[in-house]
Amino acid sequence: MSNKVTIQNGKLQVPNHVTIPFIEGDGIGRDISEPAQSIVNAAVEAAYSKERSIEWKEVLAGEKAHKKTGEWLPAQTIDTFKEHIVGIKGPLTTPVGGGIRSLNVALRQELDLYVCLRPIRWFKGVPSPVKYPSTVDMHIFRENTEDIYAGIEFMTGTPEAEKFKALMKENFGLDAVRFPDTTSFGIKPISKEGSKRLVRAAIDYAVKHDLPSVTLVHKGNIMKFTEGAFKNWGYEVAEKEFNKQTFTWRQYEKIASEQGAEIAKEKVKEARKEGKIIVKDVITDAFLQESLLRPYDHSVIATMNLNGDYISDQLAAMVGGIGISPGANINYDSGFAIFEATHGTAPTIAGTGQANPSSLILSAALMLEYMGWNEAAEHIYDALEHTFSKRKVTADLFTLMEGATLLSTKEFTNEVVKNMH
């Protein structure tokens, strides 16, 4: 019997005893991968006894791969992730002077992992800079293959920049470029297909998880044909593909202009009573403010790459920091998914026992949910919350907590396992 995750009729098929490939990671990746695996193993056993289990299969990427194979991202690693569908990784360093701009981006683009999913929630006991962190419960769908991740840039003074400048001058004029002789250029591709599949995945996620709203975050007031188009394409998906399950802000505005604001407000109330998802849009800078002042107004966030980068880190800071925030890179069409620690390699503390494994642990819990092993994921959430509420934490959170007990990475791992009920 196969021990690999497969896809049948568009649905994930997970055997009870499954093999999951993992990349250990660079820097503190060596410190957090084993603790995360041991906690997942304990959660799976607590939830299912011996009926289910995970066998961890290491694949190479980053510095470890370069030392052993001479390559930063061996083809075999990509092939293994494709073969096993679901995998997990620690943080990877960006090669200096190599042909790969980012190993993380390379993995996402090679497997077309178009959704970067970042659920943001607060755990009781974790210090937060906001007054009511318990009201922060958002799920970010960040487009993962376009926008700045396309990597189309031309440095000033290079032949490529001169060609691009000549192309602009010949076809569009250079009036908008204030200092053309010293300007670098970047291109921001936003496609209809890429935008629609991202928003489609976000709305489908909201439907399946019974979440109240989807917010399209964009800067379409300035970038009308890229970010503005993203917003319009997103509304098209909601109104044409999920018309029975959603009510959009665009529909509200149309009703308000034709029949009056009061009738439009009543339509919103009716939609909410019927359990419909409210799909709305907010300008990026306004959203960053709203997420601090009224986080309870937003549930699922759908946005492009650069906006999603800013939003993910701000929301993570609101619930304790990026060190306890999970992340996933998913293609909801092919099923391919790689779950990852959302922080960097932190080489200065590698091997010191100071690393916080929580981001990778929570990403693994997200992986378990994706596999349908929800009971095991709940064991992890419960054990972490018990540990945080007892103020037993690693160095990053210790400095922010009064009366906390400082634990090493290993001690923290043991404490989480001990608190697993």
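So, here's what we can say about the structure. Residues take numbers from 1 onward in each chain, read along the sequence in its written order. This being a predicted model, a pLDDT of at least 70 is required before a residue's local features are given, and a value of 80 or more before pairs of side-chain atoms are given or counted; all residues contribute to the totals for chains, interfaces and linings. The side-chain numbers reported here are obtained from all heavy atoms of the structure, hydrogens and water having been left aside.

Take a side-chain nitrogen of Lys or Arg and a carboxyl oxygen of Asp or Glu: if they are within 4 Å of each other, that pair is a salt bridge. Scanning all chains against the criterion turns up 25 salt bridges. Of the charged contacts in the structure, one is a salt bridge between Lys 165 and Asp 181, with a shortest N-O distance of 3.5 Å. Taken together, the residues Lys 165 in helix H5 (residues 159-171) and Asp 181 in the loop between H5 and strand S9 (185-186) connect sequence positions 16 residues apart. On the basis of relative accessibility, which here comes to 62%, the residue Asp 181 falls in the exposed class. The salt bridge partner of Glu 290 is Arg 294, with a shortest N-O separation of 3.8 Å. Residue Arg 294 is classed as partly exposed on the basis of its relative accessible area, which comes to 32%. Each of Glu 24, Glu 58 and Lys 64 takes part in a single network of salt bridges with overlapping partners. Going along the chain from the N terminus, every DSSP run of H or I of four or more residues is numbered as a helix, and every run of E of two or more is numbered as a strand. Note on exposure labels: buried denotes an accessible area under 20% of the residue type's maximum, exposed denotes more than 50%, and partly exposed covers the range between, all computed with a 1.4 Å probe on protein chains only.

Our focus in this paragraph is the packing of helix H13 (residues 374-389) against helix H15 (residues 409-418). Remark: H13 packs on H15, axes separated minimally by 8 Å, with the N-to-C direction vectors making an angle of 120°. Classified by chirality, the crossing of H15 by H13 is right-handed. Along the contact surface, H13 presents Ala 383, Leu 384, Thr 387 and Phe 388, while H15 presents Phe 412, Glu 415 and Val 416. Here the term charged refers only to Asp, Glu, Lys and Arg, the term nonpolar to Ala, Val, Leu, Ile, Met, Phe, Trp, Tyr, Cys and Pro, and the term polar to all other amino acids, Gly among them. For the contact of H13 with H15, the per-class residue count stands at five nonpolar, one polar and one charged. Lines fitted to the C-alpha atoms define the axes, with helices restricted to the stretch that makes contact. Angles between their N-to-C directions range from 0 to 180 degrees. Take the far helix as your reference; a near helix turned counterclockwise from it by less than a right angle gives a left-handed crossing, and one turned clockwise gives a right-handed crossing. Note on contacts: a residue pair qualifies if any of its non-hydrogen atoms lie within 4.5 Å across the two residues.

In this description, a nonpolar core means a group of buried Ala, Val, Leu, Ile, Met, Phe, Trp, Tyr and Cys residues linked to one another through side-chain atoms lying within 4.5 Å. Ranked by size, the top nonpolar core spans 93 residues in total, and within it Ile 54 and Val 214 carry the most contacts. The dominant element in this core, judged by the number of residues it contributes, is helix H12 (residues 358-370), at nine residues. Among all residues touching Ile 54, those that are not within four sequence positions of it are Val 18, Ile 20, Val 40, Asn 41, Val 44, Met 367, Leu 368 and Trp 373. With 14 residues, the next largest nonpolar core counts Ile 140, Ile 301, Ile 311 and Leu 315 among its residues.

Pairing within the open sheet is mixed, and its 11 strands lie in the order S4-S3-S5-S15-S14-S6-S7-S13-S10-S12-S11. Of all strands in the sheet, those with a lone pairing partner are strand S4 (53-58) and strand S11 (246-248), marking the two edges. Sheet twist, expressed as the mean angle between neighbouring strand axes with direction ignored, is 25°. The rule for pairing is simple: two strands pair if DSSP sees at least two bridges between them. Inspection of the sheet shows strand S3 (residues 17-23) paired to S4 by six bridges, in the parallel sense. The residue bridging Ile 20 from the neighbouring strand is Trp 56, located in S4. Lying over the sheet, helix H1 (residues 29-48) contacts S3, S4 and strand S15 (337-341), oriented at roughly 160° with respect to S4. Contacting strand S10 (213-218), S11, strand S12 (277-283) and strand S13 (300-303), helix H7 (residues 227-241) crosses the sheet at an angle of about 160° to S10.

Mapped onto the elements of the fold, His 386 is located in helix H13. His 386 sits 14 residues away from Leu 400 along the chain, and the two C-alpha atoms are 18 Å apart. Setting aside residues no more than four positions away along its own chain, His 386 makes contact with Asn 419 and His 421.

In this section: the packing of aromatic side chains. The pairing test for Phe, Tyr and Trp rings, Trp by its six-membered ring, is centres within 6.5 Å, and the orientation test on the planes gives stacked under 30 degrees, edge-to-face over 60, and tilted for anything in between. Tallying each qualifying case throughout the model produces 10 aromatic pairs. Geometrically, the ring pair formed by Tyr 48 and Trp 373 is edge-to-face, given 5.8 Å between the ring centres and 70° between the ring planes. Of this pair, Tyr 48 sits in helix H1 while Trp 373 sits in the loop between H12 and H13, and the two are 325 residues apart along the sequence. What makes Trp 373 buried here is its relative accessible area of 2%. Between the aromatic rings of Phe 141 and Tyr 205, the centroid separation amounts to 5.1 Å while the plane-to-plane angle is 65°, which identifies the pairing as edge-to-face. With a gap of 64 residues between them, Phe 141 in strand S7 (residues 137-143) and Tyr 205 in helix H6 (residues 192-208) connect regions that are remote in the sequence. As far as burial versus exposure is concerned, Phe 141 and Tyr 205 are alike and both buried. In textbook terms, an aromatic cluster arises when at least three aromatic residues are bridged by ring pairs, as seen for Phe 141, Tyr 205, Tyr 332, Phe 339 and Tyr 370. Working rule: Lys NZ or Arg CZ, within 6 Å of ring centre, within 35 degrees of ring normal, means a charge sits over the ring. Over the ring of Tyr 48 we find Arg 52; its NZ or CZ atom is 4.3 Å from the centre of that ring.

Turning next to the pairing of S15. Where burial is concerned, most of S15 is hidden: five out of the five residues are buried. Where strand S5 (residues 86-89) and S15 come together, four bridges link them in parallel fashion. Bridging from a neighbouring strand, Gly 87 pairs with Ile 338 of S15. Strand direction decides the pairing type here: strand S14 (residues 326-330) and S15, joined by five bridges, are antiparallel. Paired with Ile 330 across the bridge in S15 is Ala 337.

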